[in-house]
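A closer look at the structure
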Amino acid sequence: AVVSTQSGHYGRGRYRMNGFNLHDEYGVQRDLNSVNTLRIPYLVPVDELTVEATPKRVYDKAHVYHVNSISLNSDDETFLSADDLRINLWHLDYINECYMLVDIKPANMEDLTEVITAAKFHPTNCNHFVYSSSKGTIRLCDMREQALCDQHSKLFEEPEDNGSRSFFSEIISSISDVKFSSCGRYMVSRDYLTIKLWDLNMDSRPVETYNVHEYLRSKLCSLYENDCIFDKFEVVWGGPSNSILTGSYNNFFRIFDRDNMKEACFEASRESARPKTQLKNCKVGVGPKRRKDEISVEMLDFNHKILHAHWHPTDNVIAVAATNNLYLFNGKHSGA
């Protein structure tokens, strides 16, 4: 749904609008046949400043499963929505109809081997989009080739190392997010342990790989038991696609500087969010011997995690969501 934010101020107090005709106080649209009187909106005083999101359009009844991705097309007229098994194409002006681009639902659900995890339109080519799967693959599709894009144009997949294969290999290889660079030449994907950077002209293997929390590989069994291994972390580009940002556990988030081949790990906390506070690089130690400035992997809090993050498109400002808190950090210079 397309939403807008609004808040109201009147005089020295704080107020919110109430008494709408077309929707109720929760923003749910009323049945127009039941509206038989004209109501005049009025202001209601409130104790705290509130920001209300009111749906302007609702695109419904097209997905059976949880929607995991929404991506606006570069033509500014259409967008796609994806769930576990289907990808639909919508026009912004038509809320009651859509076109199905991808359908991987088998005739027998027992034959299901993978699900769609993320989908994204190309930033400049309105006919191209990609979608990732739980098998660790990324498919590039061209809507000009055929109406139903079940057959991909390119398949991006890293060759599997059979020597290191384990019970958790398929789980940790599942891609949770995929994003194009601003130029459209590259895309970045995030699985459970790593970030991979792909060149659209080379689908055989990633051109760069970054370890996010390799120290957790020895704890995959316990992470499987508490379901943390199924967490879906986002990944975002920063600046002119020269930095990459993603989250981790213990409210850690990592920034990878591609130009200088450096990385930094920071913690999102109330102490670090104080004005003019400089973030300190956090290090995680493995084994009985570790440095004084390192935190033991056994002391990490897996209930506090950063799954969602965003980098300002023009300024060096990042936003990370840690549990029920939203943190904004402003950097003095680009890079990690």
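This report concerns the structure included in the present document. No experiment lies behind these values; they were computed from the predicted model shown.

**A closer look at the side chain of K179**
When you line up the elements, K179 lands in strand β14 (residues 177-180). Judged by relative accessible area, K179 falls into the buried class, the value being 18%. Only 3.2 Å separates the side chain of K179 from the side chain of D177, close enough to count as a polar contact. In this structure, K179 is in contact with K120, Y186, M187, V188, V235, V236 and W237, ignoring residues within four places of it in sequence.

**A word on the pattern of salt bridges**
Under the defined criterion, the tally for this structure stands at 13 salt bridges. E158 is the salt-bridge partner of K196, the closest N and O atoms lying 3.5 Å from each other. Within this pair, whereas K196 is found in strand β16 (residues 194-199), its partner E158 is found in the loop between β13 (154-156) and α1 (169-172), the two being separated by 38 residues in sequence. When its relative accessible area of 10% is taken as the criterion, K196 is described as buried. Among the ionic pairs, K305 bridges to D231, the shortest N-O distance being 3.0 Å. With K305 in the loop between β23 (294-296) and β24 (306-311) and D231 in the loop between α2 (220-225) and β18 (235-238), the pair connects residues that are 74 residues apart, well separated along the chain. In terms of burial, K305 and D231 fall into one category: buried.

**Examining the sheet that holds strand β25 (residues 317-322)**
Spatial ordering of the open sheet is given by β24-β25-β26, a layout of 3 strands whose pairing is antiparallel. Pairing within the sheet leaves two strands with one partner each, and these edge strands are β24 and β26 (325-330). Adjacent strand axes in the sheet meet at a mean angle of 20 degrees, parallel and antiparallel pairs treated alike. Relative to β25, β24 is paired through 5 bridges, and the arrangement is antiparallel. Its bridge partner lying in β25, H308 is registered against A321.

**Brief notes about the environment of P55**
Following the sequence through the fold, P55 ends up in strand β5 (residues 52-57). C-alpha of P55 to C-alpha of H23: the two residues are 32 residues apart in sequence and 9.9 Å apart in space.

**Examining the environment of P240**
Note that P240 resides in the loop between β18 and β19 (243-247). Overall, P240 belongs to the exposed group, its relative accessible area being 65%. Along the backbone, P240 and F167 are 73 residues apart, and their C-alpha atoms lie at a distance of 38 Å.

**Description of the environment of S134**
Its location among the elements puts S134 in the loop between β11 (128-133) and β12 (138-142). With a relative accessible area of 16%, S134 lands in the buried category.

**Here we look at the pairing of β11**
Most of β11 is tucked away, with 6 of its 6 residues classed as buried. With burial as the criterion, each face of β11 is covered, one bearing H128, V130 and S132 and the other bearing F129, Y131 and S133. As paired elements, strand β10 (residues 116-121) and β11 share 5 bridges and run antiparallel to each other. Residue pairing for β11: F121 is matched across the bridge by F129. The turn joining β10 and β11, which pair antiparallel and follow one another in sequence, is formed by 6 residues. Pairing analysis gives 5 bridges linking β11 to β12, with the strands arranged antiparallel. Bridging across to β12, S132 finds its partner in I138. Once β11 ends, the chain turns through 4 residues before running back antiparallel as β12, passing G136 with a positive phi of about 85 degrees.

**A look at the nonpolar core**
Ranked by size, the top nonpolar core spans 19 residues in total, and within it Y192, L216, L223 and L300 carry the most contacts. In contact with L216, other than residues within four places in its own chain, are L193, L223, Y249, V297, L300 and F302. In this structure, F253, A264, A309 and A322 belong to the second largest nonpolar core, which totals 15 residues.

Cut-offs applied
- Residues numbered from 1 in each chain as written.
- Predicted model: local features only at pLDDT ≥ 70, side-chain atom pairs only at ≥ 80, totals over all residues.
- Heavy atoms only, no water.
- Helix = DSSP H or I, 4+ residues; strand = E, 2+ residues; numbered from the N terminus.
- Buried < 20%, exposed > 50% of the residue type's maximum accessible area, 1.4 Å probe, protein only.
- Polar contact = N/O pair within 3.5 Å; in protein donor to acceptor, adjacent residues only side chain to side chain.
- Contact = heavy atoms within 4.5 Å.
- Salt bridge = Lys/Arg side-chain N within 4 Å of Asp/Glu carboxyl O.
- Pairing = 2+ DSSP bridges.
- Axes fitted to C-alpha atoms, helices over the stretch in contact; angles between N-to-C directions.
- Core = buried A, V, L, I, M, F, W, Y, C linked by side-chain atoms within 4.5 Å.

On their own, these measurements won't tell you what the molecule is for.
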